[in-house]
Amino acid sequence: MNSIFDPTLPVAIGSDHAGFEYKSAVVAWLREKGCLVTDYGAPSAASVDYPDFAHPVAKAVEDRTCGWGILFCGSANGVAMTANKHQGIRAGLCWENDVAVLVRRHNNANIICIPARFVALSLALEMITHFMETPFEGGRHADRVNKISC
């Protein structure tokens with residue numbers, strides 16, 4: 001698997017209870033592909049607070065402990081909002097393949113956020129593949145991305 005992210009660093013992954021099943025499936029799928037993975041939880045489908053899992057994923061990506069990240073929750077809005085509080089994070093909420101490509105190509109996203117209650121697991125895997133394999137275009141987009149952080 002060719003990735004534009006550093007393949008020597010693990011993928012950070014996390015979810016709340018609504019995304020637990022998808023997270024578990026994606027962890028296994030990534031490991032089957034030979035990816036290193038750091039699972040930040042949730043540990044089960046029992047009700048939890050999404051920031052408790054989104055913050056550790058964002059911190060790991062921000063401090064380069066992990067090369068990039070994946071977050072799941074019911075709508076993906078909560079985890080995206082939480083992760084984007086971190087200065088070095090550009091978390092993109094994705095619900096179809098074209099969006100997953102564009103958040104990489106135009107926004108240099110480093111975390112993909114997927115709404116587990118609104119997309120099929122097969123689509124989630126496709127979006128993650130596109131996200132991993134799409135390079136940042138740079139150019140005029142780099143100027144815009146550089147204006148994001150406060």
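Relevant structure appears above.
Some thoughts on the overall build of the protein chain
If you tally the helices and strands in the protein chain, you get six helices and five strands. Taken over the C-alpha trace, the protein chain has a radius of gyration of 14 Å; the compact-globule value for 150 residues is 15 Å, and the two agree within 12%. Considering only C-alpha atoms, the protein chain reaches an extent of 45 × 35 × 30 Å along its principal axes. Expressed as a percentage of the 150 residues in the protein chain, the buried residues total 49%. With the model as given, the accessible surface of the protein chain reaches about 7200 Å², and the carbon-plus-sulfur share is 52%.

Topic: the environment of Ser-24
By the secondary structure assignment, Ser-24 is in helix 1 (residues 20–32). You can call Ser-24 partly exposed: its relative accessible area is 30%.

Some thoughts on the sheet that holds strand 4 (residues 91–93)
Read across the open sheet, the five strands follow the order 2-1-3-5-4; overall the sheet is parallel. Each edge of the sheet is formed by a strand with only one pairing partner; in this case those strands are strand 2 (37–39) and strand 4. Across the sheet, the mean angle separating the axes of adjacent strands is 20 degrees when strand polarity is ignored. Along the sheet, helix 2 (residues 51–62) contacts strand 1 (11–15), strand 3 (68–73) and strand 5 (111–115); its crossing angle with strand 3, the most-contacted strand, is approximately 170 degrees.

Observations concerning helix 5 (residues 121–133)
Its 13 residues place the ends of helix 5 18 Å apart at the C-alpha level, agreeing with the 18 Å of an ideal helix rising 1.5 Å per residue. Listed as buried for helix 5 are Ala-124, Leu-125, Met-127, Ile-128, Phe-131 and Met-132. Summarising the axial view, the buried residues of helix 5 lie within an arc of 165 degrees, below the 170-degree limit, and thus occupy one face.

What to know about the pattern of salt bridges
When the charged atoms of two side chains with opposite charge come close together, those side chains can pair. For the structure on display, the rule yields three salt bridges. Residues Lys-59 and Asp-63 are paired through a salt bridge, measuring 3.2 Å at the closest nitrogen-oxygen approach. Note on Lys-59: relative accessible area 49%, which makes it partly exposed.

Regarding the packing of helix 1 against helix 5
Closest axis-to-axis distance for the helix 1/helix 5 pair is 11 Å, and the angle between their directions is 50 degrees. Taken together, the axis directions place helix 1 and helix 5 in an arrangement best described as oblique. Seen along the crossing, helix 1 lies across helix 5 with a hand that is right-handed. Judged by residue contacts, Tyr-22, Ala-25, Val-26, Trp-29 and Leu-30 of helix 1 engage Leu-121, Ala-124, Leu-125, Ile-128, Thr-129 and Met-132 from helix 5. When the residues that make up the contact of helix 1 with helix 5 are grouped by side-chain class, the tally is ten nonpolar, one polar and no charged.

What to know about the pairing of strand 5
For strand 5, a buried count of five out of five residues is recorded, marking the element as mostly surrounded by other parts of the structure. Along strand 5, one buried face is formed by Ile-111, Cys-113 and Pro-115 and the opposite face, lined by Ile-112 and Ile-114, is buried too. Summarising the sheet, strand 3 and strand 5 pair through five bridges and their orientation is parallel. Across the sheet, the residue bridging to Ile-70 is Ile-112, located in strand 5. Across three bridges, strand 4 lies against strand 5 in parallel orientation. Paired with Gly-92 across the strands is Ile-112, a residue of strand 5. This β-α-β element, strand 4 to helix 4 (residues 97–105) to strand 5, shows right-handed connectivity.

Reading the values: the criteria
- Residues numbered from 1 in each chain as written.
- Predicted model: local features only at pLDDT ≥ 70, side-chain atom pairs only at ≥ 80, totals over all residues.
- Heavy atoms only, no water.
- Helix = DSSP H or I, 4+ residues; strand = E, 2+ residues; numbered from the N terminus.
- Rg over C-alpha atoms; globule rule 2.2 N^0.38 Å.
- Buried < 20%, exposed > 50% of the residue type's maximum accessible area, 1.4 Å probe, protein only.
- Areas by Shrake-Rupley, 256 points an atom, 1.4 Å probe, with all protein chains shown as cover.
- Pairing = 2+ DSSP bridges.
- Axes fitted to C-alpha atoms, helices over the stretch in contact; angles between N-to-C directions.
- Contact = heavy atoms within 4.5 Å.
- Expected span 1.5 Å × (residues − 1).
- Arc of directions from axis to C-beta.
- Salt bridge = Lys/Arg side-chain N within 4 Å of Asp/Glu carboxyl O.
- Parallel < 35°, antiparallel > 145°, perpendicular 65-115°, else oblique.
- Left-handed = near helix turned anticlockwise from the far one by under 90°.
- Nonpolar A, V, L, I, M, F, W, Y, C, P; charged D, E, K, R; others polar.
- Right-handed = clockwise from strand over helix to strand, strands pointing away.

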